[in-house]
Number of protein chains: 4
Amino acid sequence: MSDRIPAAVLGATGMVGQYFVSLLANHPWFSLDAVVASDRSAGKRYADACRWLLSADMPEQARNLEVSPLRAELSARVVFSALPSDVAGAVEVDYAKRGHMVFSNASSHRMDPLVPLLVPEVNHAHAAVLHEQRRQKGWSGFIVTNPNCSSAVLVSALHPLQQAFGLERVMVTTLQAVSGAGYPGLSSLDILDNAVPYIGGEEAKMESEPLKMLGSFSDGALHPANFKVSAHCNRVATRDGHLECVSVTLGADASLDDVAQAFRAYTSLPQELNLPTAPPRPVILRTEPDRPQTRLDRDAGNGMATSVGRLRECSLLGIKFVALGSNTMRGAAGGSVLNAELLKVQGLLD
Amino acid sequence: MSDRIPAAVLGATGMVGQYFVSLLANHPWFSLDAVVASDRSAGKRYADACRWLLSADMPEQARNLEVSPLRAELSARVVFSALPSDVAGAVEVDYAKRGHMVFSNASSHRMDPLVPLLVPEVNHAHAAVLHEQRRQKGWSGFIVTNPNCSSAVLVSALHPLQQAFGLERVMVTTLQAVSGAGYPGLSSLDILDNAVPYIGGEEAKMESEPLKMLGSFSDGALHPANFKVSAHCNRVATRDGHLECVSVTLGADASLDDVAQAFRAYTSLPQELNLPTAPPRPVILRTEPDRPQTRLDRDAGNGMATSVGRLRECSLLGIKFVALGSNTMRGAAGGSVLNAELLKVQGLLD
Amino acid sequence: MSDRIPAAVLGATGMVGQYFVSLLANHPWFSLDAVVASDRSAGKRYADACRWLLSADMPEQARNLEVSPLRAELSARVVFSALPSDVAGAVEVDYAKRGHMVFSNASSHRMDPLVPLLVPEVNHAHAAVLHEQRRQKGWSGFIVTNPNCSSAVLVSALHPLQQAFGLERVMVTTLQAVSGAGYPGLSSLDILDNAVPYIGGEEAKMESEPLKMLGSFSDGALHPANFKVSAHCNRVATRDGHLECVSVTLGADASLDDVAQAFRAYTSLPQELNLPTAPPRPVILRTEPDRPQTRLDRDAGNGMATSVGRLRECSLLGIKFVALGSNTMRGAAGGSVLNAELLKVQGLLD
Amino acid sequence: MSDRIPAAVLGATGMVGQYFVSLLANHPWFSLDAVVASDRSAGKRYADACRWLLSADMPEQARNLEVSPLRAELSARVVFSALPSDVAGAVEVDYAKRGHMVFSNASSHRMDPLVPLLVPEVNHAHAAVLHEQRRQKGWSGFIVTNPNCSSAVLVSALHPLQQAFGLERVMVTTLQAVSGAGYPGLSSLDILDNAVPYIGGEEAKMESEPLKMLGSFSDGALHPANFKVSAHCNRVATRDGHLECVSVTLGADASLDDVAQAFRAYTSLPQELNLPTAPPRPVILRTEPDRPQTRLDRDAGNGMATSVGRLRECSLLGIKFVALGSNTMRGAAGGSVLNAELLKVQGLLD
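Residues numbered from 1 in each chain as written. Chains lettered and ligands numbered in written order. Predicted model: local features only at pLDDT ≥ 70, side-chain atom pairs only at ≥ 80, totals over all residues. Heavy atoms only, no water.

1. Some remarks on the sheet that holds strand S11 (residues 242–250) of chain D
Residues and elements named next belong to chain D. Let me state the cut-off plainly: DSSP calls a pair of strands paired once it identifies at least 2 bridges connecting them. In this text, helices come from DSSP runs of H or I with a minimum length of four residues, and strands from runs of E with a minimum of two, each type numbered from the N-terminal end. With axes taken as lines fitted to C-alpha atoms, and helix axes fitted only over the stretch in contact, angles between N-to-C directions fall between 0 and 180 degrees. Throughout, a residue-residue contact means that at least one pair of heavy atoms, one from each residue, lies within 4.5 Å.
On the basis of which strands lie adjacent, the open sheet formed by six strands has the order S10-S7-S11-S14-S13-S12 and mixed pairing. Looking along the sheet, the strands with just one partner apiece sit at the ends: strand S10 (228–235) and strand S12 (283–285). On average, each strand axis in the sheet is inclined to that of its neighbour by 25°, with strand direction left out of account. Where strand S7 (residues 167–176) lies against S11, eight bridges are found, and the strand directions are antiparallel. By the bridge assignment for S11, Thr173 is matched with Cys245. Relative to the sheet, helix H10 (residues 256–265) contacts S11, S12, strand S13 (306–314) and strand S14 (318–325), its axis offset from that of S13 by approximately 170°.

2. Topic: helix H9 (residues 202–213) of chain C
What counts is decided by this rule: How far a helix is expected to stretch is found by multiplying one less than its residue total by 1.5 Å. Throughout, exposure labels follow a simple rule: accessible area from a 1.4 Å probe, protein chains only, divided by the maximum for the residue type, with under 20% read as buried, over 50% as exposed, and the rest as partly exposed.
Spanning twelve residues, H9 of chain C covers 16 Å between terminal C-alpha atoms, matching the ideal 16 Å at 1.5 Å per step. Turning to H9 of chain C, its buried residues number three or more, namely Glu202, Glu203, Met206, Glu209, Pro210, Leu211, Lys212 and Met213 of chain C.

3. Details of the interface of chain C and chain B
Note the threshold: Buried area is calculated as the accessible area (1.4 Å probe) missing from two parts once they are joined, with the contributions of both summed. Throughout this description, the term salt bridge denotes a Lys or Arg side-chain nitrogen within 4 Å of a carboxyl oxygen of Asp or Glu. Here a polar contact means two N or O atoms within 3.5 Å. Within protein one must be a hydrogen donor candidate and the other an acceptor candidate, and residues neighboring in sequence count only if both atoms are side-chain atoms. In this classification, Asp, Glu, Lys and Arg are treated as charged, Ala, Val, Leu, Ile, Met, Phe, Trp, Tyr, Cys and Pro as nonpolar, and every other residue, Gly included, as polar.
Counting from both sides, the interface comprises twelve residues of chain C and, opposite them, twelve residues of chain B. Roughly 1,100 Å² of surface becomes buried between chain C and chain B when both sides are summed, with 30% attributable to carbon and sulfur atoms. Broken down residue by residue, the surface that chain C buries against chain B is led by Ser55, Arg295 and Leu296 of chain C, which jointly contribute 42%. For Arg51 of chain B, the salt bridge is made with Asp290 of chain C, and the minimal N-O distance between the two is 3.6 Å. Taken together, the connections running from chain C to chain B amount to four residue pairs in polar contact (both at pLDDT 80 or more). Counted by class, the side of chain C that touches chain B contains three nonpolar, one polar and eight charged residues.

4. Observations regarding the interface of chain A and chain B
Taken residue by residue, the interface counts 48 residues in chain A and 48 residues in chain B. Summed over both sides, the interface between chain A and chain B buries roughly 3,700 Å², with carbon and sulfur atoms accounting for 57% of that surface. Among the residues of chain A in contact with chain B, Asp193, His232 and Leu316 of chain A are the three that bury the most area, contributing 18% of the side total. Summed over the shared surface of chain A and chain B, the number is eight salt bridges.

5. Topic: the relation of the copies chain C and chain B
For clarity, the threshold we go by: When the copies are superposed, the least-squares fit draws on C-alpha atoms of residues that have pLDDT of at least 70 in both.
Expressed as a screw operation, the relation of chain C to chain B combines 0.0 Å of axial shift with a rotation of 180°, fitting to an RMSD of 0.0 Å. The two molecules are tied by a two-fold rotation axis, judged by turn and shift. The rotation axis passes nearest to the C-alpha of Asp193 of chain C in chain C, at a distance of 3.3 Å. A share of 100% of interface residues in chain C that are also interface residues in chain B marks the association as one of identical surfaces.

6. Topic: the packing of helix H1 (residues 15–25) of chain D against helix H13 (residues 329–345) of chain D
All names here are of chain D. The following threshold applies: Between 65 and 115 degrees an angle is taken as roughly perpendicular, under 35 as roughly parallel, over 145 as roughly antiparallel, and anywhere else as oblique. Helix crossings get a hand from a simple test, with the near helix turned counterclockwise from the far one by less than a right angle marking a left-handed crossing and a clockwise turn marking a right-handed one.
At a minimum axis distance of 10 Å, the contact between H1 and H13 shows a crossing angle of 45°. In terms of axis orientation, H1 runs oblique to H13. Crossing hand, H1 versus H13: right-handed. Here H1 contributes Val16, Tyr19, Phe20 and Leu23 to the contact with H13, which in turn contributes Met329, Ala332, Ala333, Gly334, Ser336 and Val337. Of the residues belonging to the contact of H1 with H13, the class tally is eight nonpolar, two polar and no charged.

7. Here's the deal with the pairing of strand S14 (residues 318–325) of chain C
All names here are of chain C. Across the eight residues of S14, seven count as buried, placing the element largely inside the fold. For strand S11 (residues 242–250) and S14, the ladder comprises seven bridges, and the chain directions are antiparallel. Within the sheet, the bridge partner assigned to Cys245 lies in S14 and is Val322. As defined by bridge partners, strand S13 (residues 306–314) adjoins S14 across six bridges and the pair is classed as antiparallel. When the bridges of S14 are listed, Val308 appears paired with Ala323. Hairpin remark: S13 followed by S14, antiparallel, with three residues in the connecting loop.

8. A look at the relation of the copies chain A and chain B
Turning one copy of the chain about an axis and sliding it along that axis gives the other copy, so a rotation and a shift relate them. Once turned by 180° and shifted 0.0 Å along the axis, chain A lies on chain B with an RMSD of 0.0 Å. By residue overlap, the copies meet face to face through one surface: 100% of the interface positions of chain A are interface positions in chain B.

9. Comments concerning the environment of Val229 of chain B
With respect to the secondary-structure elements, Val229 of chain B resides in strand S10 (residues 228–235). According to the relative accessible area criterion, Val229 of chain B is buried, its value standing at 3%. Separated by 18 residues in the primary sequence, Val229 of chain B and Ser247 of chain B have C-alpha atoms spaced 10.0 Å apart. Sequence-distant contacts of Val229 of chain B, defined by excluding residues within four places in its chain, comprise Ser315 of chain A together with Leu154, Val170, Val172, Met206, Glu207 and Leu211 of chain B.

10. Let's talk about the pattern of salt bridges
If you walk through the whole model with that rule in mind, you get 76 salt bridges over all chains. With a shortest N-O distance of 3.9 Å, Asp57 of chain A and Arg291 of chain D are connected by a salt bridge. Of this pair, Asp57 of chain A sits in the loop between helix H2 (46–49) and helix H3 (60–63) while Arg291 of chain D sits in the loop between S12 and helix H12 (294–297), on two different chains. Exposure remark for Arg291 of chain D: the relative accessible area of 6% places this residue in the buried category. Members of the salt-bridge network, linked through shared partners, are Asp57 of chain A together with Arg286, Glu288, Arg291 and Asp297 of chain D.

11. Some points on the nonpolar core
The nonpolar side chains of soluble globular proteins are, as a tendency, buried together. Heads up, the condition is: Put simply, buried Ala, Val, Leu, Ile, Met, Phe, Trp, Tyr and Cys residues joined by side-chain atoms within 4.5 Å make one nonpolar core.
Judged by nonpolar contacts, the single largest core of 102 residues is most densely connected at Tyr46, Phe103 and Leu343 of chain A together with Tyr46, Phe103 and Leu343 of chain C. Beyond its immediate chain neighbours, meaning those up to four positions away, Leu343 of chain C contacts Phe103, Leu118, Ala127, Leu130, Phe142, Val144, Leu348 and Leu349 of chain C. Counting 62 residues, the second-largest nonpolar core is a separate cluster that includes Leu32, Leu118 and Met304 of chain B together with Ala237 of chain D.

12. Examining unusual backbone geometry
All names here are of chain A. The amide bond that connects Tyr183 to the next residue, Pro184, takes the cis arrangement and shows omega of 0°. Examined against the element boundaries, Pro184 turns out to sit in the loop between strand S7 (167–176) and helix H8 (188–191). Phi is positive for Asp219, which is not a glycine, with a value near 55°. Classification of Asp219 by relative accessible area gives exposed; the value is 80%.

13. Digging into the packing of aromatic side chains
Residues and elements named next belong to chain A. Test applied: Geometry of aromatic contacts follows a simple scheme: Phe, Tyr and Trp rings, the Trp one being its six-membered ring, pair when their centres are within 6.5 Å, and the pair is stacked under 30 degrees between planes, edge-to-face over 60, tilted otherwise. In our convention, an over-ring charge means Lys NZ or Arg CZ found within 6 Å of a ring centre and within 35 degrees of that ring's normal.
Overall, the coordinates contain 24 aromatic pairs over all chains when judged by the stated rule. Each ring, one from Phe103 and one from Phe142, has its centre 5.9 Å from the other, and the planes form 90°; the classification is edge-to-face. Of the two residues, Phe103 is situated in strand S5 (residues 101–104) and Phe142 in strand S6 (residues 142–145); the sequence distance between them amounts to 39 residues. The same class applies to Phe103 and to Phe142, which are both buried. Grouping aromatic residues by their ring pairs yields a cluster made of Phe20, Phe30, Phe80, Phe103 and Phe142. Taking the ring centre of Trp29 as reference, the NZ or CZ of Lys344 above it sits at 5.3 Å.

What follows is the structure, encoded as structure tokens:
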């Protein structure tokens with residue numbers, strides 16, 4: 001165990017922070033070295049500072065860690081950030097300047113042209129922009145981001161199609177779980193026996209982040225893809241799992257069988273590298289008429305797989321299907337840890 | 001009271017049947033005269049045959065009615081049908097032949113070119129096809145249908161836009177309440193902490209019924225509209241109220257303000273006639289960023305109004321918005337009763 | 001309308017405050033004259049200061065009221081308080097000193113021996129302590145409280161039994177709705193697919209408040225009843241309605257029929273006086289095997305009736321039954337308004 | 001693998017049957033050999049006959065098993081029964097006569113004085129009655145039952161107290177998950193935003209089964225304990241996990257610390273024997289003010305541990321606390337499999 005890479009978690013008391021803590025406490029390559037949170041929590045034992053939300057008990061090694069304040073000196077070079085976006089921007093830059101490798105779930109730097117917005121299966125090549133990032137920003141560390149939870153699910157389902165056929169138009173309507181809003185997030189009174197067709201800022205993220213991720217890296221720069229995404233985002237009374245109804249115009253003629261085959265054949269670098277958090281199959285095609293379903297499929301591949309199904313023709317755009325993934329795992333902490341695993345293998349954590 | 005028109009309810013013990021019973025028990029123009037159900041219930045008191053599902057107690061005048069078997073002789077000429085579609089087809093024809101005016105919530109005859117699929121605000125003129133229906137089918141009575149619950153909401157929201165601008169393309173994704181599946185309908189295990197992206201037959205209905213309703217009547221025949229609808233239908237954990245995310249290509253240039261104005265200015269014949277079940281405003285435009293919401297808006301206009309909101313541009317189709325209405329009222333029993341009110345005023349119940 | 005008694009609402013932007021606003025906006029005896037809230041809201045239009053939570057739209061007459069700060073001068077002598085208890089104590093005293101008649105839903109003064117803890121059906125005679133309250137405290141106004149929501153339901157169900165047989169022991173386990181915690185109250189993550197067997201302070205309230213209410217008034221003082229109550233309080237995923245499982249040892253022999261008869265025969269002063277908010281029957285005995293149920297019965301008597309049912313023998317304590325009532329109506333705003341109606345008839349608002 | 005004991009599952013297509021199938025497919029001592037179900041399913045592939053309800057996919061080895069009809073010849077001597085109780089009675093006797101060892105989750109034979117109602121931690125000694133069962137009934141096989149799900153949780157929590165102090169009176173109010181009713185079980189319309197204070201037959205089971213289990217075995221017969229249990233049973237909107245509010249009069253003086261110590265010190269034979277399905281700690285005492293909670297604690301010990309907490313004084317009975325366990329694991333399939341493990345170690349499966 002002694003050769004595991006120590007890692008710190010920023011925003012460790014929040015819900016995504018707790019997922020980071022859980023994942024690191026049981027990780028073969030990283031170890032949980034420090035927990036960082038706001039001044040309100042700093043100085044307390046993690047077990048006292050944190051209202052633990054996960055059903056598995058808090059990991060023993062986390063209980064007695066003393067919570068460090070934001071911007072505290074950290075011996076761990078690898079830092080996972082679950083900070084809220086109003087705080088994340090400056091704090092993460094601060095750590096990157098001081099030599100830390102920051103893996104951030106916050107939105108602050110996602111659309112920065114020098115910051116990779118990374119889903120290893122989709123755009124592992126984008127990590128190469130880190131060289132430019134360090135050079136232009138003069139940082140000894142770096143920042144890598146993972147996408148918004150609903151974008152993570154969407155882009156995972158779109159990538160096999162883009163590879164096989166190209167993409168021209170994407171319409172997506174989401175049914176998103178309450179955990180996507182963090183804790184306490186939505187009041188129970190706002191969601192019991194209700195659906196809310198609005199999530200602040202979410203549609204703009206879904207209409208921009210996938211284009212960056214499905215774009216290319218060349219000449220030292222990231223170039224966004226140039227198709228259009230239109231998104232309707234809704235909150236429903238589920239705990240975890242974002243379900244997305246997608247209609248797509250492909251860039252080439254393809255039968256439903258062709259599309260099914262593209263989903264089935266899909267695999268990518270993290271699977272080849274056998275990264276610890278990578279699911280065996282990144283995209284799982286379900287053929288039952290009523291799958292994927294939120295509860296039944298959100299934990300597929302330990303929450304890291306994206307399930308697709310209900311593949312059929314769309315009279316307006318071409319094809320339509322349903323995609324589903326875990327917003328807390330693939331869409332947040334798990335995605336970020338997978339990013340770190342990829343960069344370790346690429347030698348970028350040395 | 002003695003001059004109210006007696007009416008019977010077919011399928012009176014099911015959930016939609018119970019809504020019919022409730023509405024008729026308190027109706028100014030109709031009175032509840034008979035309840036009809038399957039052989040299992042026939043001969044019992046309604047209070048004993050029926051597992052009552054509504055929160056208001058069963059109306060006193062219904063409790064002691066004896067349940068008649070399907071195809072029983074009925075003295076009431078007006079008949080409301082909440083029969084399941086596998087039974088409704090033949091039974092409703094039987095009653096129409098025997099001179100009854102059948103107002104049906106079942107899908108069996110909806111797409112019959114001689115049967116009006118009626119939402120009074122939208123296509124009251126289609127009632128004129130009844131003349132042809134009687135002539136060609138040789139019935140002394142007739143059958144009038146109301147649309148599937150999710151189609152009712154959609155068509156109510158689309159009609160103002162069709163009138164003002166024309167319609168070219170409609171994409172809709174629904175978040176539908178469990179009551180739409182009747183009782184017992186969905187198992188609690190299928191929907192608690194879950195969303196199900198599949199409702200058998202629903203997408204086909206949503207892709208066809210609105211075209212019939214938004215079509216025209218001329219030369220004694222109904223002619224469907226010729227734009228395209230593509231639908232994704234989902235079930236979520238709400239009791240009542242279908243929420244629909246809609247993207248539309250209009251037939252003419254229109255700013256968001258123009259569209260808002262079309263919604264605001266919209267009124268129709270049932271409002272002019274002040275029909276008892278007609279809501280004062282058939283379409284209510286909400287301007288809050290997060291409305292309509294299922295729980296807050298499903299009872300607007302006593303469940304007979306359609307609320308729209310979140311009007312904004314769609315990068316793919318033109319405009320997008322959210323529509324919401326009660327599947328049990330506007331989308332089922334209430335819609336059917338409103339149809340009967342319209343026909344009464346038009347002299348077709350004499 | 002001009003002769004309605006003007007009334008103010010303290011804590012008007014919270015959930016209970018909104019219920020007060022709704023009730024007063026449509027009340028035959030009172031009118032909504034002022035809305036009072038914390039400094040954060042003061043000075044704004046009520047429509048802007050308030051995130052409206054009820055499904056009926058905000059009453060028109062409330063929308064443009066300017067929110068007054070706490071302790072503002074109020075021309076209305078009658079004041080309804082929905083303040084949180086950490087603020088209510090001092091502010092309500094302040095208003096009582098300045099001559100206001102304060103009807104409070106807060107817990108601060110409930111157990112003060114000089115403050116009536118009033119449920120008009122149960123202990124209308126306790127209002128007489130107001131004479132002592134004013135004398136001893138030197139207030140020109142007064143404070144009247146209504147009980148905690150779960151106590152209100154319990155005491156309503158116990159009173160018919162106390163009257164008929166006396167009470168010796170009461171065991172109660174509650175299943176309480178999330179609205180009892182106010183807004184935002186419980187996080188959706190804390191209650192979706194969950195039950196929480198803990199509500200801070202609730203059990204102590206249920207074990208003390210009913211004794212005060214079911215006690216007597218004599219010699220100018222309130223004397224608590226001297227039986228024992230033991231309470232288990234739980235939160236479940238319902239929006240409104242507290243369901244309570246009650247086992248009781250009566251003070252006299254009584255068959256189940258005797259007990260049923262006591263419930264059926266029960267009526268009280270508010271019914272006799274026909275107070276506007278009083279339900280026709282304060283206690284409704286259900287005889288179906290599975291009633292009362294939260295959703296079906298919480299709105300009985302406009303949310304002001306308590307439904308009881310499942311009356312049967314308890315092998316340990318004697319009899320057991322289920323009681324259910326609306327925490328937002330009978331257990332909060334509605335109960336407080338009924339208190340004011342009672343005092344008006346008693347001439348105490350003159 | 002070849003030396004695992006083959007086992008069959010009766011009622012394999014229902015929800016509890018699916019849990020049996022899952023457990024056996026991954027069991028170190030037993031293997032899944034046959035699936036048995038009603039005539040409707042017989043002859044089909046299990047994958048086709050079964051609407052799979054668990055989130056983990058159906059085990060591969062189960063998919064292609066052909067479903068056998070009830071009473072089919074089975075080569076497996078060990079049989080787990082998830083039959084509905086109206087069918088279980090006769091079918092299980094039939095198999096016992098034919099030499100099968102039947103481990104039944106059905107209620108049919110639970111209260112038969114010759115049938116052990118077994119929770120291995122609580123009353124492993126009761127297995128000794130099987131000798132009498134075989135002798136008196138003349139069966140070459142036998143029947144062992146596990147208790148009703150809510151009784152399993154209760155008796156697990158009571159046993160440490162009975163051992164340490166004795167028991168005199170037990171009052172219990174349950175908040176039970178919908179999965180306890182099987183599939184489809186409760187309609188979503190019956191439980192969304194609702195609580196139902198009635199579960200047919202459940203209170204009678206809770207008031208009798210624990211007495212049998214906490215009784216003694218002597219002179220070849222089972223003798224029930226002679227304290228009293230009074231139960232209120234409620235259904236709430238949770239998927240899995242029965243939460244129980246318990247008040248108890250102990251048989252000896254004990255402080256809350258004494259009681260806490262009794263819970264903490266508790267262990268039993270299955271833990272000593274390290275049975276595969278036995279949880280490391282059968283009873284887990286939580287000291288947080290708001291635990292156990294359904295969602296957070298139902299999976300403790302892989303669903304086989306009972307969590308207790310909120311230990312405090314009861315002004316009526318002595319002490320009170322909350323107990324919680326998984327109705328599907330400890331309360332159904334898992335409990336039954338643990339029974340088989342115990343009997344294997346005791347040599348009763350040879």
